[in-house]
Amino acid sequence: MADTDVDLFVIGGGSGGVRAARIAASHGARVMIAEEYRMGGTCVIRGCVPKKLMMYASHVHEEIKDAAGFGWTIPEATFDWATLIANKDKEIARLESIYTSNVEKSGAQVVKARAVFEDPHTLRLSTGGMVKAKYVLIATGGTPNHGAAIPGIEHVISSNEVFHLKRQPRRIVIQGGGYIALEFASIFAGLGSDVTVIYRGDNVLRGFDEDVRTHVRSEMEKAGITIITGCTVEKIERRGDVVTAHLSSRSSIAADEVMFAIGRHPSVTGFGLEKAGVALNPMNGGIAVDDYSQTNVPHIYAVGDVTHRLNLTPVAIREGHAFADTVFGNRRVKVDHTDIPTAVFSLPQVGTVGLTEAEARAQFTHVDIYKTDFRPIKATMSGNPGRVLMKLVVDGATDRILGCHIVGPDAAELTQVVAIAVKLKATKADFDATMALHPTSAEELVTMRTPTARHVRQAAE
Ligand code: FAD
Ligand code: NDP
């Protein structure tokens, strides 16, 4: 196509867009990337990174409690919310500027503007001007769901606001039973807030292994978090500083903040997708793409949360990289979306890779389960009542490890490493042949000898 200003215009400076812009520029493409809010996107500015920093703050409380058994006398500790938020903001600003300068160093041009399609090849910038592009990558991410328009919804905060609260809520009600609800319930509980989780189903973390769900819930309850299931928030009232959540169970809870963490939807509106002729996926509301992240309009691609495939940062990054290699690197690359490890940074942490027991039993005729639930060695002196869960799901016919599920300290770190073995299609015999590293919790993964359950499906008569 003649007369284009750039080879690639990227809409959105988050995980997927930034990676795509940098790699495309390294392949020699003329690239422009538009970001309307802050470079780095959800993960860096109001997701993974600030959440993890706040999680560290919340863990200190447990460390202090554990210290007494090891002989430490620590004078009563105090916590200052304003210091945590200010230091976190400083770090996020530092990362934001690194993201911008890394993109610029790659040769791509960053524009701080909202970009809107004028036609399939033309983008209008909110700062003024039009840009004509040969290819367009949509990497606009997602936004928090608010749910039904219940009375008082304007008093509810989401994960967008939670990072900037002026004061630590002494009492917080969090609706939702997924990643964000459990992570923030744990953060606030660790910081000493009184936390109530309201979840509509029968147990939190739907879609995770059943043993994980049961274990996490009971550990979070042990840590003092109230979890109310089979219930929703139907109305919110604010009187002065007190926000009251009225529940479907007819009870109500007074708090300083009510937060909803009830999923996110892909950002597909308000930037002229219809003018570009880009189709949505009717199954999930995200932009419909093929295995190469190509939309129905051949020169327009989409990656990351806006496609609503697996809404995780490393996935968006891989998709952005694969797109840039495919279109500008002369190398067609598909992202493998199987066996992606994931963690919930709750207290205790959850790490999981591969199939749950239920998924394995639905797909395989012979499934062996190896499961252990124990107090880690540190607890013998700290007195911490927390228990660790480790579970392997094995294909009894081929001995292959199909899934690994861990709940406990450092579950996310352990799962990243186990994920390599799962990706390499390791067998239970490979795990057994691996020497234990003692004394660790992780050694349980290579020392579980006898299945705790064996499920063999009989062939239909
Ligand atoms: P985003 O990072 O959302 O970037 C999209 C960008 O596009 C945004 O910056 C937005 O401002 C910009 N934009 C939108 N429309 C326009 C427009 N028209 N013009 C210009 N700019 C536009 N994932 C993990 O893997 N691990 C975690 O621990 C984790 N924790 C999370 C915690 C929270 C609280 C949240 C909300 C998410 C978390 N995630 C985590 C998910 C992760 O943040 C996302 O999967 C990831 O950021 C998706 O990247 P993306 O590039 O698709 O979109
Ligand atoms: P999740 O999909 O994880 O959880 C949403 C929760 O809200 C579920 O418990 C869901 O219930 C419930 N829910 C949905 N709709 C309603 C409703 N209308 N009323 C009441 N409850 C409702 O979404 P999150 O918002 O927690 O996080 C969004 C995504 O961001 C995650 O799915 C994940 O991809 C990503 N993320 C990843 C993190 C990580 O990697 N550590 C951390 C944070 C976010 P039900 O199960 O019954 O549908």
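The coordinates are above.
A brief report on the enclosed structure follows. Small disclaimer: the values here were computed from a predicted structure and weren't measured.

**A short note on the packing of aromatic side chains**
Aromatic ring pairs are reported here in terms of the distance separating the ring centres and the angle at which the planes meet. Applying the stated criterion across every chain yields a total of eight aromatic pairs. Centre to centre, the rings of W81 and F188 are 5.9 Å apart; their planes meet at 25°, and the pair counts as stacked. Residue W81 is located in helix 4 (residues 81-106), and its partner F188 is located in helix 6 (residues 179-190); the two are separated by 107 residues in the primary sequence. Here W81 falls in the buried class, since its relative accessible area comes to 5%. Here F188 falls in the buried class, since its relative accessible area comes to 0%. Here F163 and F184 contribute two aromatic rings whose centre-to-centre distance is 5.4 Å and whose plane-to-plane angle is 75°, an arrangement assigned as edge-to-face. Of this pair, F163 sits in the loop between helix 5 (159-162) and strand 9 (171-175) while F184 sits in helix 6, and the two are 21 residues apart along the sequence. Of the aromatic side chains, those joined through ring pairs into one cluster are W81, F163, F184 and F188. A cation over a ring is seen here: R332 above Y292, with NZ or CZ 3.8 Å from the ring centre.

**A closer look at a nonpolar patch on the surface**
A grouping of F70, W72, I74 and M381 is seen on the molecular surface, where their side chains present a nonpolar patch of about 440 Å² in accessible area. Looking at the secondary structure, you find W72 in the loop between helix 3 (48-67) and helix 4. For W72, a relative accessible area of 58% translates into the label exposed.

**Remarks on the site of ligand 2**
The local shell around ligand 2 holds 19 residues, among which I180, Y199, R200, R206 and A343 are the closest. Note that an oxygen atom of ligand 2 is positioned 3.2 Å from one of the backbone N or O atoms of Y179. The contact in question runs from an oxygen atom of ligand 2 to an N or O atom on the side chain of R206, over 2.7 Å. Protein contacts shield 76% of the accessible area of ligand 2, which totals 910 Å² for the unbound molecule. Considering every element that reaches the shell around ligand 2, the biggest residue donor is helix 6, with three residues. Of the residues that constitute the shell around ligand 2, the class distribution is eight nonpolar, six polar and five charged.

**Some details on the site of ligand 1**
In the vicinity of ligand 1, 35 residues are found, and the nearest of them are G16, E35, T42, K51 and D305. Within the side chain of E35, a nitrogen or oxygen atom sits 2.7 Å from an oxygen atom of ligand 1. Between ligand 1 and R114, the relevant distance is 3.5 Å, taken from a nitrogen atom to a side-chain nitrogen or oxygen of the residue. Burial of ligand 1 by the surrounding chains reaches 92%, relative to a free accessible area of 1,000 Å². The greatest single-element share of the shell around ligand 1, amounting to four residues, is contributed by helix 2 (residues 41-46).

**Here's the deal with the layout of surface pockets**
Estimates place the volume of the second largest pocket at around 1,100 Å³. With ten residues, the single largest contributor to the lining of the second largest pocket is helix 3. Its residues placed into classes, the lining of the second largest pocket shows 18 nonpolar, 15 polar and twelve charged.

**Regarding the state of the cysteines**
If you walk through the whole model with that rule in mind, you get one disulfide. The residue that forms a disulfide with C43 is C48, at a sulfur-sulfur distance of 2.3 Å. Of note, the bridge from C43 to C48 carries an S-S torsion of about -135° and is left-handed in sense. C43 sits in the buried class, given a relative accessible area of 11%. Residue C48 is classed as partly exposed on the basis of its relative accessible area of 30%.

**Here we look at the pattern of salt bridges**
Pairs can form between side chains of opposite charge once their charged atoms are near each other. One pass over the full model with this rule turns up 29 salt bridges. Note that R170 is salt-bridged to D256, the shortest N-O span being 3.9 Å. Taken as a pair, R170 in the loop between helix 5 and strand 9 and D256 in the loop between strand 14 (252-255) and strand 15 (257-260) lie far apart in primary sequence, 86 residues in all. Here the salt bridges do not stand alone but share partners, grouping D209, D211, E357, R361, K371 and K391 into one network.

Cut-offs used in this document
Residues numbered from 1 in each chain as written. Chains lettered and ligands numbered in written order. Predicted model: local features only at pLDDT ≥ 70, side-chain atom pairs only at ≥ 80, totals over all residues. Heavy atoms only, no water. Phe/Tyr/Trp six-rings, centres within 6.5 Å; stacked < 30°, edge-to-face > 60°. Helix = DSSP H or I, 4+ residues; strand = E, 2+ residues; numbered from the N terminus. Buried < 20%, exposed > 50% of the residue type's maximum accessible area, 1.4 Å probe, protein only. Lys NZ or Arg CZ within 6 Å of the ring centre and 35° of its normal. Patch = residues over 30% accessible without salt bridge, like charges linked within 9 Å, V, L, I, M, F, W, Y side chains within 5 Å. Areas by Shrake-Rupley, 256 points an atom, 1.4 Å probe, with all protein chains shown as cover. Salt bridge = Lys/Arg side-chain N within 4 Å of Asp/Glu carboxyl O. Near = heavy atom within 4 Å. Polar contact = N/O pair within 3.5 Å; in protein donor to acceptor, adjacent residues only side chain to side chain. Nonpolar A, V, L, I, M, F, W, Y, C, P; charged D, E, K, R; others polar. 1 Å grid on protein atoms, 1.4 Å probe; cavity = no way out; pocket = protein on both sides within 12 Å on 5 of 7 lines; lining within 4 Å. Points joined across faces, edges and corners; volume = space filled by probe spheres on them. Disulfide = S-S within 2.5 Å.

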